[in-house]
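Remarks on the overall topology
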Amino acid sequence: MIVKRLLTSIPLLFVMSVLVFSMIALVPGDAATTIAGGGNASPQVVQQIREELNLDEPFFVQYATWLKSAVQFDFGESLYSQRPVADELLERLPVTLSLALAVFAIVIPLALVLGIVGGLRPGGLGDRGMMFGTSVVVSMPPFWIGMVLISVFSVSLGWLPPYGYTAFADDPAGWARSIILPAVALAAAGVAMLSRQLRAGLADTMQSAYVRTAWAKGGDTRRVVVGHALKNSAIPAVTVLGLMVGSILGSTVIVEQIFNIPGIGSYMIAAVSSKDVPVIQATALLFVVAHIIANLMVDISYGYLNPKVRAA
């Protein structure tokens, strides 16, 4: 099954790479002149950009050259900093990865607890409270939650820094202090969506015949809920978890900017502002690859959760 999923991901990755590269074709007018800053740009600068991006070549020749380099993790040089894009990505990638890991470290345990609380007693006080709270949170955009968190915990209480980033290797405690607010801002909607999905799946599964049989055989709560019901109701939640990767990556573009975190998201925003096409293409392709990998992991997890899928 894993090999089959890998093979089906290759055409998707190819199509997405074409779309990512095609962004340069969407630049109005002469792309080199527009990227250089318009009609006031010197002919030397325009020609340099045209040569760096191979704009004198036919589109498919440009794409083939770019793809050959991208496969080797070579995206050329930034038009703004004149540094290799790959080097700048490698500097910023650990920052975004640490933020993403912090987000999922918040999302998964909280969603499990809330989903189990609501799913075991549907219609109960805990379930109604969970459904109301998640309905409120899911309607709040991450950037707004981030600004509220800064206002409360940084400005009013002074407990946490309002912006900036400390590397984990330099100061683990400082890293935790710098990452907690942006991680919570990104995780809030994920906790709400995942817990609601878990709650719905668990509530249905608890009414099934095999769960009632497990209770009748004298199974304890941990064995019945975790060993039987939760595992079998987790497939829709795992699907949501995979989709959340794309949502979180998209939100990092804004949240990293708000908290002044030097990650991939803020790098992309700066590239868009400066029309730095090689950086825009590289970061967009990186987000696409991350999304494809996340969905591949979701497909593989189906085989563990459901043996019928594993045999397919």
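Refer to the preceding data block for the structure.
Residues numbered from 1 in each chain as written. Predicted model: local features only at pLDDT ≥ 70, side-chain atom pairs only at ≥ 80, totals over all residues. Heavy atoms only, no water.

**Structural notes on the side chain of Ser154**
On the secondary structure map, Ser154 appears in helix H7 (residues 142-156). Of the residues examined, Ser154 reaches a relative accessible area of 12% and is grouped as buried. Here Pro161 takes part through its backbone oxygen, which lies 3.5 Å from a polar atom of the side chain of Ser154. Other than its neighbours up to four places away in sequence, Ser154 contacts Leu149, Leu160, Pro161, Pro162 and Leu181. (Helix = DSSP H or I, 4+ residues; strand = E, 2+ residues; numbered from the N terminus. Buried < 20%, exposed > 50% of the residue type's maximum accessible area, 1.4 Å probe, protein only. Polar contact = N/O pair within 3.5 Å; in protein donor to acceptor, adjacent residues only side chain to side chain. Contact = heavy atoms within 4.5 Å.)

**Notes on the nonpolar core**
Counting residues in each nonpolar core, the largest one holds 29 residues, and the members touching the most others are Leu99, Val103, Val107, Ala183, Leu194, Met244 and Phe259. At the level of elements, helix H5 (85-120), H7, helix H8 (172-205) and helix H11 (235-258) are the ones that each hand at least two residues to this core. Broken down by element, the residue count for this core peaks at 11 residues, all from H8. Not counting the four nearest positions on each side in its chain, Leu194 is found in contact with Val107, Ala111, Ala237, Val240, Leu241 and Met244. Core analysis: the next-biggest nonpolar cluster, separate from the first, contains 24 residues, Leu89, Val245, Ala284 and Leu285 among them. (Core = buried A, V, L, I, M, F, W, Y, C linked by side-chain atoms within 4.5 Å.)

**Focus on the side chain of Thr134**
You can see Thr134 is positioned in helix H6 (residues 125-138). With relative accessibility at 5%, the residue Thr134 sits in the buried group. Residues contacting Thr134, with those up to four places away along its chain left out, are Ala192, Ser195 and Arg196.

**What about unusual backbone geometry?**
We note that Gln82 has phi near 65 degrees; this positive angle belongs to a residue other than glycine. A relative accessible area of 40% means that Gln82 is categorised as partly exposed. Phi at Asn260 takes a positive value of approximately 55 degrees, unusual for a residue other than glycine. Relative to the helices and strands, Asn260 is located in the loop between H11 and helix H12 (264-273).

**A look at a nonpolar patch on the surface**
A surface patch of nonpolar side chains, amounting to about 740 Å² of accessible area, comprises Phe143, Trp144, Met147, Val148, Val152, Leu157, Trp159 and Ile254. With 5 residues, H7 is the largest single contributor of residues to the nonpolar patch. Position of Val152 relative to the elements: it lies in helix H7. (Patch = residues over 30% accessible without salt bridge, like charges linked within 9 Å, V, L, I, M, F, W, Y side chains within 5 Å. Areas by Shrake-Rupley, 256 points an atom, 1.4 Å probe, with all protein chains shown as cover. Salt bridge = Lys/Arg side-chain N within 4 Å of Asp/Glu carboxyl O.)

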